[in-house]
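Given next are the chains, with one letter for each unit.
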Amino acid sequence: WCWCQANSVTPINAASAESCSGACHDGSEGGDGDVQGLLQLRRASAHALGGADPMPSGPFDFIVVGAGLTGSGVAARLAEKAPGSTVLLIEGGDNEMKTPPNYFDWGTLNFKKWPGKWHAHSAVDVPGDYNAMNCWDPSAGACANWTWPPEYTAGAYQVRIKGGGGSVNGALHQYPQPNMFDGGRYGVSGWPSWPKGWQEADMQPFFQEVESMFQITTTPSSDGKHYLDRTGGNQIREVLAQPCDSCAAYSEGLKNASVMMPAQGKMGVPFVIAKDGHRQSTANVLLPKAELLPNFKLLLQSEVTEVVHSDGRATAVKLTRENIEHTIELSEKGVLVMCAGALNTPRLLLKSGITNAGMGKNLSDHPMTIQTYQLSSQWDVEPFPLNPPSDHAISKEIAFHSGGLSQFGPTLTAFLRAPGTPGNDDDFDIEIFVNPASSRKQLQVYFLLMRPTCSSANLTYQDGKLTRGPGISFACQRDVDTMQFAQDFVQQRMSKQLKRAECVENCGSVTDTRILSVNHWGGSCAFGRCVDPRTLIVYGTRNIAVADASLLPGQVWSHPALILEAMALKAGDMLAEKAKK
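Computed from a prediction, not measured in an experiment: that's the story for all the values here.

A short note on the side chain of Asp-129
Line of reasoning, step 1. Relative to the assigned elements, Asp-129 resides in the loop between strand S7 (110–113) and helix H3 (200–213).
Line of reasoning, step 2. For Asp-129, which is buried and forms no salt bridge, the nearest opposite charge comes from Arg-279, at a distance of 8.5 Å.
Line of reasoning, step 3. Ignoring any residue separated from it by four or fewer positions in sequence, one finds Asp-129 in contact with Pro-100, Pro-101, Asn-102, Trp-114 and Ala-123.

Some words on the sheet that holds strand S8 (residues 216–217)
To summarise the sheet geometry, strands pair through backbone hydrogen bonds and adopt either a parallel or an antiparallel arrangement.
Line of reasoning, step 1. If you trace the 3 strands from one edge of the open sheet to the other, you get S8-S11-S12, paired in antiparallel fashion. Each end of this open sheet is capped by a strand with a single partner; those strands are S8 and strand S12 (278–279).
Line of reasoning, step 2. Note: S8 against strand S11 (residues 272–275), 2 bridges, orientation antiparallel. Note on S11: the bridge partner recorded for Ile-216 is Ile-273.

Some points on the side chain of Asn-506
Line of reasoning, step 1. Note that Asn-506 resides in the loop between strand S23 (501–505) and strand S24 (516–517).
Line of reasoning, step 2. One polar contact links the side chain of Asn-506 to the main-chain carbonyl oxygen of Ile-370, over a distance of 2.5 Å.
Line of reasoning, step 3. Setting aside anything within four residues of it in sequence, one finds Asn-506 in contact with Ile-370, Gln-371, Gln-487, Thr-513 and Arg-514.

What to know about the environment of Gln-177
Line of reasoning, step 1. Mapped onto the elements of the fold, Gln-177 is located in the loop between S7 and H3.
Line of reasoning, step 2. The spacing of Gln-177 and Ala-263 is 86 residues in sequence and 7.7 Å in space, taken between C-alpha atoms.
Line of reasoning, step 3. For Gln-177, the residues in contact, after removing those within four places along its chain, are Met-261, Pro-262, Ala-263, Asp-426, Asp-427, Phe-428 and Trp-557.

Some thoughts on H3
Within an α-helix, residues lying three or four positions from one another point in the same direction, as the helix has 3.6 residues per turn.
Line of reasoning, step 1. In this model, H3 (14 residues) spans 20 Å end to end at C-alpha, consistent with the 20 Å of a helix rising 1.5 Å per residue.
Line of reasoning, step 2. Residues Met-203, Phe-206, Phe-207, Val-210 and Met-213 constitute the buried set of H3.

Some details on the nonpolar core
Line of reasoning, step 1. By size, the foremost hydrophobic cluster in this structure holds 103 residues, and its most contacted members are Ile-63, Leu-336 and Met-567.
Line of reasoning, step 2. The element contributing the most residues to this core is helix H10 (residues 561–580), with 11 residues.
Line of reasoning, step 3. Leaving out residues up to four positions away in the same chain, Met-567 has contacts with Trp-194, Trp-198, Met-203, Phe-527, Leu-551 and Leu-552.
Line of reasoning, step 4. The next biggest cluster of nonpolar side chains, apart from the first, holds 34 residues, and it includes Ala-249, Val-381, Val-480 and Ala-501.

Each value, and the rule that gives it
Residues numbered from 1 in each chain as written. Predicted model: local features only at pLDDT ≥ 70, side-chain atom pairs only at ≥ 80, totals over all residues. Heavy atoms only, no water. Helix = DSSP H or I, 4+ residues; strand = E, 2+ residues; numbered from the N terminus. Buried < 20%, exposed > 50% of the residue type's maximum accessible area, 1.4 Å probe, protein only. Lys, Arg positive; Asp, Glu negative; His and termini not counted. Salt bridge = Lys/Arg side-chain N within 4 Å of Asp/Glu carboxyl O. Contact = heavy atoms within 4.5 Å. Pairing = 2+ DSSP bridges. Polar contact = N/O pair within 3.5 Å; in protein donor to acceptor, adjacent residues only side chain to side chain. Expected span 1.5 Å × (residues − 1). Core = buried A, V, L, I, M, F, W, Y, C linked by side-chain atoms within 4.5 Å.

Rendered as C-alpha cells:
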C-alpha cells in the first residue's frame, strides 16, 4: 500500500493510486528530510494497524512489551537489525494520534478541545499542548485513557499511549556529565558506576546516532525562532545573571551558555527534539519505518496481564484486548523484552512470579519543588494562556507550525551545585527551570534534585497492587540541604531586585514544602542487581530481557530521554546480534 498526500488518514492500494487527488508515495519519501510526509505516513500506518486487527497467532521471536520511548526504539531496531526474526510490539494504550489539541477545564473537570480546525494535528504533535495536558496526577481521574491506574504504578504517573512518555513529556534532551558513568569513585551510595560495556565511551556511538535521527534544537518552531522568552524566562535569566557580593555562592552570577551538556553555574534555553514545529519521538520517527517491514507487528489497546514461564524460560504472554483474554507464544528460541517502564516492568514480572534479589529495588526519581512569586508590574511579564490559547496563537500554529504553540514548556534552565557535594568543576546537583507564565502577576520557579544521593524506594506487589516503600524523596539530610541551598539561592536573589517580587508559596524549609515527582522513574531492575548487563537477561531467567529505564544503575544526572533513546538502540543491537547466533 502507499499513502496519499491529499488524504492523510486512509492508506490506499498502490494499484489504485490514480484515485488519489494528490501524489502517491511508498513511504521512502517520508524520511528524515520530510517530516510532514513522515507524519502522514504514520497516520496512514496507524489507521491500517488499528484496534480492529485480528489477533496475531505467533509464535514470535521477539515480543516487546510496551511501545513507549524505549520500547518503540528497541522494537524498531530489532525489526531492522534482525530481519530474519519476527517482532511483536504490544502496547496497552491507544494510538497517540487520536486526541486533538486540548486543555483540561478544572471548572467542569473535563477535557475541552482547543478552538480552530486542527485537521490531522494531535495533542502530541503540538509542543505547546505539553503545558496544557493536566494528566500528571492519575488520582484525579482526568486522563483515564492516557494513564495506567494508580494500583499498577504505586500511585505514580505512567503514561499509557503509543510513544509513552516520549509522546507527552517536555522533550528536553541533555547529555549527562561524564562523571555519572563512574559515579562509584565518589563513595556516594546513590551514585553507582555504570557496568562494563555501558560506560561513556560505549554509549557515545549511540548518542551520536540519536543526534542523527532526531532534530535536537533550541528552536522547534518551523521558522527557526525561539518564542515565549518574555513569559518569565528572560526575567529570571536577568535575576540569576546579576552579580551579588553579599550572596553566599555564585557572587558573579550565572553565565549564559549552551546547556546540551548542563554544567553548574550555567544557564540557557533547553534543547528539545522537534522538527518544523512538531514533536519528534521514537514512536513517530522509528516505528513508521518498522511498520513497513514484513517481520514487524504492532498491537495496540492490548494489556499484557501475565508472563507465562517454566523453568526460567518465558513461553508466552497473556493479554487482554476488548475484554477478551488471548495468549501469544514465543518461538523456541524467542526472547521476551520488557519495556513497560520502571514501574510496570517490575509489576508484571512480580505479578507473574518472576523475581530476584534486585527486582523492584532502588526505584528513584528527580524530586521537584516549586516556588511561587508575586510580581509587581515592573517585571513586564507577557503571559501566554493555554486554557485555551488565543485565536492568533492557534492560527499561527495551524497555518505555519510556528509561534508560541511550537515551543515546549521550559523556556530557561539553570544549574547549581551545592557547597560540599563532590564532583568536578562542571558537575551540578540542581536544575532550575521556568515555564511560560499564565499571569502577569505570578511566576513559578521549579527546582529538580538531579543527583539524589540517598533517595530511593523499593517496590512490592501484593493482592493486585504495586506499592512503593518510603524514601523516594529527600531521604537524608544531604539531599534536603542540597535542595534548600537552591531554593534559598533563588529567593535571596529575587529579594534583592529593585522590581518587587515576593515569594508566596514554598518559601521556607524544604521539609515543609510540597514535594512533587517529575516522573523520571528508573532503577527498579538495574544492571548488576537485577539484570546481567552483558546480555540484558533478568537474573534467574533464560530469555526475559529488560530494556527500559528500570536498568539505570542510579538516577541519571540529566533529563533521561537522550540516554534512554541511546540505550534503546544499543539494547536492540545486542538482542539482534544474539538472534543471529
